[in-house]
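Secondary and tertiary structure notes
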Amino acid sequence: GQTPASAPAPAQTPAPSQPGPALPGPFPGGRVVRLHPVILASIVDSYERRNEGAARVIGTLLGTVDKHSVEVTNCFSVPHNESEDEVAVDMEFAKNMYELHKKVSPNELILGWYATGHDITEHSVLIHEYYSREAPNPIHLTVDTGLQHGRMSIKAYVSTLMGVPGRTMGVMFTPLTVKYAYYDTERIGVDLIMKTCFSPNRVIGLSSDLQQVGGASARIQDALSTVLQYAEDVLSGKVSADNTVGRFLMSLVNQVPKIVPDDFETMLNSNINDLLMVTYLANLTQSQIALNEKLVNL
Amino acid sequence: TGSTATSSGSAGGAVGKGKGKGGSGDSAVKQVQIDGLVVLKIIKHYQEEGQGTEVVQGVLLGLVVEDRLEITNCFPFPQHTEDDADFDEVQYQMEMMRSLRHVNIDHLHVGWYQSTYYGSFVTRALLDSQFSYQHAIEESVVLIYDPIKTAQGSLSLKAYRLTPKLMEVCKEKDFSPEALKKASITFEHMFEEVPIVIKNSHLINVLMWELEKKSAVADKHELLSLASSNHLGKSLQLLMDRVDEMSQDIIKYNTYMRNTSKQQQQKHQYQQRRQQENMQRQSRGEPPLPEEDLSKLFKPHQAPARMDSLLIAGQINTYCQNIKEFTAQNLGKLFMAQALQEYNN
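Residues numbered from 1 in each chain as written. Chains lettered and ligands numbered in written order. Predicted model: local features only at pLDDT ≥ 70, side-chain atom pairs only at ≥ 80, totals over all residues. Heavy atoms only, no water.

Chain B appears in an unreviewed UniProt entry as EIF3H factor from Elachura formosa.

The name given to chain A in an unreviewed UniProt entry is Deubiquitinating enzyme eIF3f, with Elachura formosa as the source organism.

Let's shift gears to the interface of chain B and chain A. Contact residues are listed per partner, giving 97 residues for chain B and 81 residues for chain A. Between chain B and chain A, the buried area comes to about 8,200 Å², and carbon and sulfur atoms account for 68% of it. Looking only at chain B, the three residues that lose the most surface to chain A are B:Leu40, B:Ile198 and B:Leu203, adding up to 8% of its buried area. Where B:Lys44 meets A:Glu108, a salt bridge forms, and the shortest distance between an N and an O atom there is 3.4 Å. Applying the counting criterion to the chain B and chain A interface returns 12 residue pairs in polar contact (both at pLDDT 80 or more). Where the side of chain B that touches chain A is concerned, the elements lending two or more residues are α1 (36–49), β3 (68–77), α2 (89–102), α4 (147–151), β8 (196–199), α7 (202–214), α8 (229–284) and α10 (307–344) of chain B. For the side of chain B that touches chain A, the element with the highest residue contribution is α10(B), accounting for 21 residues. (Contact = heavy atoms within 4.5 Å. Buried area = accessible area lost by both parts, 1.4 Å probe. Salt bridge = Lys/Arg side-chain N within 4 Å of Asp/Glu carboxyl O. Polar contact = N/O pair within 3.5 Å; in protein donor to acceptor, adjacent residues only side chain to side chain. Helix = DSSP H or I, 4+ residues; strand = E, 2+ residues; numbered from the N terminus.)

This part is about the confidence of the model for chain A. Per-residue confidence for chain A gives a mean pLDDT of 78, with 87% of residues at or over 70. For the stretch residues 1–26 of chain A, pLDDT sits under 50, and the model shows 38 contacts to residues farther than four places along the chain or on other chains. (pLDDT = per-residue confidence, 0-100.)

Another point: the side chain of A:Glu186. Checked against the element boundaries, A:Glu186 lands in helix α4 (residues 184–194). Of note is the side chain of A:Glu186, whose polar atom sits 2.8 Å from the side chain of A:His36. The contacts of A:Glu186, once residues within four sequence positions are left out, are A:His36, A:Pro37, A:Val38, A:Ala181, B:Leu40 and B:Ile43.

Another aspect to go through is the sheet that holds strand β7 (residues 109–116) of chain A. Residues and elements named next belong to chain A. Judged by pairing direction, the barrel is mixed, and its seven strands sit side by side in the order β2-β4-β3-β7-β8-β9-β10 before closing back on the first. Recorded for the sheet is a direction-independent mean angle of 40 degrees between the axes of neighbouring strands. Pairing of strand β9 (residues 154–162) with strand β10 (residues 170–180), which is carried by seven bridges, proceeds in the antiparallel orientation. By the bridge assignment, Tyr157 is partnered in β10 with Pro175. In the packing of helix α3 (residues 122–134) onto the sheet, the strands contacted are β3 (58–65), β4 (69–78), β7, β8 (139–143), β9 and β10, and the crossing angle to β7 comes to about 165 degrees. (Pairing = 2+ DSSP bridges. Axes fitted to C-alpha atoms, helices over the stretch in contact; angles between N-to-C directions.)

The following block contains the structure:
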């Protein structure tokens, strides 16, 4: 069932009269939040599937905390109802989902919650309070799916108390730095998925082996031409020289190994021979099993 | 691994048969369309929970549109269920799907995914799981995700289904050589690969643009790395193991054939001797010896089940295909390096 919140109608700072159990204290893990792209894709997907009449969706963020940052690796959406003066969040559902998720990844903790939309409303404060009961110092993530200012801004906040001590305290959401973390394989997945931006009906197929090599070389070629352009601009005086970039360029050029042509020939030939031999063996094996199949079925 | 996702039979509201047009000889699914989100989730699941040769599995959710299977979401399946005695796979699935239904996620079971180690996935367990899935839901597929190949530079995701012929054989559960010969199944006709396309919604595209702007450029270009011996070595090792198994299987089969033919000869000889004796006895006026049941004397040998050798052959085939792809790529890269070097000189 849903647990309705009794929100006071003129909700300016509906803060608790005494400090909440988890709000005070510095933010554990520094001020950096590292997001994985799977979270954002999940949030956007839940937003697209929201109920009729719901302006935004909310959900729980799961992940791990370490000394320097907070890494958000998973999320799930939580059904909720929001109107002018009331907000109701299905916390039972959230608990259940968390238990199910824990069975797969026992290391993930509840880190906070997310909401689509670009503003922090009064209801957000209440929902944030719910989540403070689940996690110490929860973070709040907003993903602007309404595309205000023509961009999908992604921001993270943590709440801090403010106000005159001893009187009613208010709650302020202070922003955190958001960084994107990728596993290597995730990076490759995202690169592939990104290609749908360029195709007319947003559909792409998976490419064959040599096409992939071609694609990767094209990317390196682009990167090289950018660097070359920069070097030419500096030489012609259009752009002022930057020492750090110069040092990088220097190490780049020094990394190209200088090999005697004969050595290179031998290395190349031996590698090619290895690969050709393996191809030959693979083909041989395949014909062997085909032959075997024929013999058995005689 | 003990935990296979074979709970499709219990998926109450999960048969998406209404829209699928299953042709009698033709496959029901011509194309698989995957949402970008599913790809990311599968990658993440392996990255976090998979180690070494263990496989990670999960369930695919989606719907069927004409002859296309659309996969819109997925959720992972916990491993290590052997340790936890009171873990109920079916219950986990049902609860997950019920919860997802609340947030409007497609709750139709359309298949399952599994990670693989260097391409070894043609096993009995996979066959059984896919059979039970396809039996319950005609359009289901199994997605095989190869994390090692993906880490080398390009996403390796393939969708497989059992061919209708193999479905028939599995239904009969008759794996003797005669049955398979009748159905004319070779290892190439066991699994069919369904082409995959990836589709994103407009909003996800916006997200992708946003990410591209904000994230650092990838600094690892694994795809262009020239080092290949490690990968080749491991693949060849696996291939050799399989070929060994195959040759043992062939020896077994040959022994069986030899024994059967020897037995036939012995039967023949016995029959002849019997006849001779009977003729002698008749000439002497004695009653002929009773006809004995030959099949009791010469018990027919058990024909070895052919399904395992088919699977091994299929696996060898997959390994060879992967190796050939890999060597083709590397040859291309080597020739490119050669061209660059010549240019420098």
